[in-house]
Structure formats: structure tokens, C-alpha cells
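Listed below, chain by chain, are the residues.
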Amino acid sequence: MSTLQFSQRCDIEYKLAVAREFAEEPAFYYPHSLDFRGRAYPMHPHLNHLVSGPQNEIRKTGQFL
């Protein structure tokens with residue numbers, strides 16, 4: 001396993017662990033911060049709505065492995 005594959009695997013596993021913690025919650029909110037222009041940015045770097053790939057599918061389906 002290359003270093004890149006290992007890094008990607010650790011990243012996905014961490015995001016899945018965060019998602020599993022929220023799996024039993026009836027609802028949760030994405031906290032955001034606002035900058036001086038009024039733009040909103042998600043505060044949690046590993047579970048937010050601005051992701052693509054597997055993380056987005058987990059968010060949309062609500063199915064946590």
C-alpha cells in the first residue's frame with residue numbers, strides 16, 4: 001500500500017467514525033462561521049455539506065457503515 005493510499009484510507013475511516021457518532025441522532029446541524037462579507041463557511045472540516053465522493057453519499061443517504 002502506497003503512502004497516498006494509506007493517507008486516503010485513514011481520511012475515509014476518520015470521516016466514517018465521525019458519521020457513525022451522529023448515526024443515532026434524530027437530527028444534527030452543521031455549524032458555520034461568517035466572514036466580514038457575510039459568507040458562511042462550515043466549521044467542521046470532516047463532516048460538512050461541501051464534500052464530494054463517498055462523504056456526500058453518506059450525507060445524502062444517511063447510511064453509515
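Nothing here was measured: the structure is a model prediction, and the numbers come from that model.

Student: Just to check I follow, could you spell out the overall build of the protein for this structure?
Tutor: Per the secondary structure count, the protein includes 2 helices and 2 strands. When its helices and strands are written in sequence order, the protein yields α-β-β-α. Buried positions account for 17% of the 65 residues belonging to the protein. Here the analysis covers contacts within the protein between residues at least 6 apart in sequence; of these, 43% occur between residues at least 24 apart.

Student: What's the story with the pattern of salt bridges in this structure? I'm lost.
Tutor: Any two side chains of opposite charge can pair if their charged atoms end up close together. Overall, the coordinates contain 2 salt bridges when judged by the stated rule. Glu-13 is the partner of Arg-9 in a salt bridge, and the nearest nitrogen-oxygen pair spans 3.0 Å. Placement of the pair is Arg-9 and Glu-13 together in helix 1 (residues 3–22), with a separation of 4 residues, close to one helical turn. Classification of Arg-9 as partly exposed rests on a relative accessible area of 46%. Residue Glu-13 is classed as partly exposed on the basis of its relative accessible area, which comes to 44%. In this structure, Arg-37 engages Asp-35 in a salt bridge whose closest nitrogen and oxygen atoms are separated by 2.7 Å.

Student: What exactly am I supposed to notice about the confidence of the model for the protein here?
Tutor: Detailed reading of the predicted coordinates is not advisable wherever pLDDT is low. Taken as a whole, the protein shows an average pLDDT of 77; of its residues, 69% reach a score of 70 or greater. At the level of individual helices and strands, the protein shows its lowest average pLDDT in helix 2 (residues 54–61), which scores 64, and its highest in strand 1 (residues 32–34), which scores 89.

Student: Looking at this structure, how should I read the side chain of Asp-35?
Tutor: With respect to the helices and strands, Asp-35 occurs in the loop between strand 1 and strand 2 (40–42). Judged by relative accessible area, which is 19%, Asp-35 ranks as buried. A distance of 2.9 Å separates a polar side-chain atom of Asp-35 from the backbone nitrogen of Arg-39.

Reading guide: rules and limits
- Residues numbered from 1 in each chain as written.
- Predicted model: local features only at pLDDT ≥ 70, side-chain atom pairs only at ≥ 80, totals over all residues.
- Heavy atoms only, no water.
- Helix = DSSP H or I, 4+ residues; strand = E, 2+ residues; numbered from the N terminus.
- Buried < 20%, exposed > 50% of the residue type's maximum accessible area, 1.4 Å probe, protein only.
- Contact = heavy atoms within 4.5 Å.
- Salt bridge = Lys/Arg side-chain N within 4 Å of Asp/Glu carboxyl O.
- pLDDT = per-residue confidence, 0-100.
- Polar contact = N/O pair within 3.5 Å; in protein donor to acceptor, adjacent residues only side chain to side chain.

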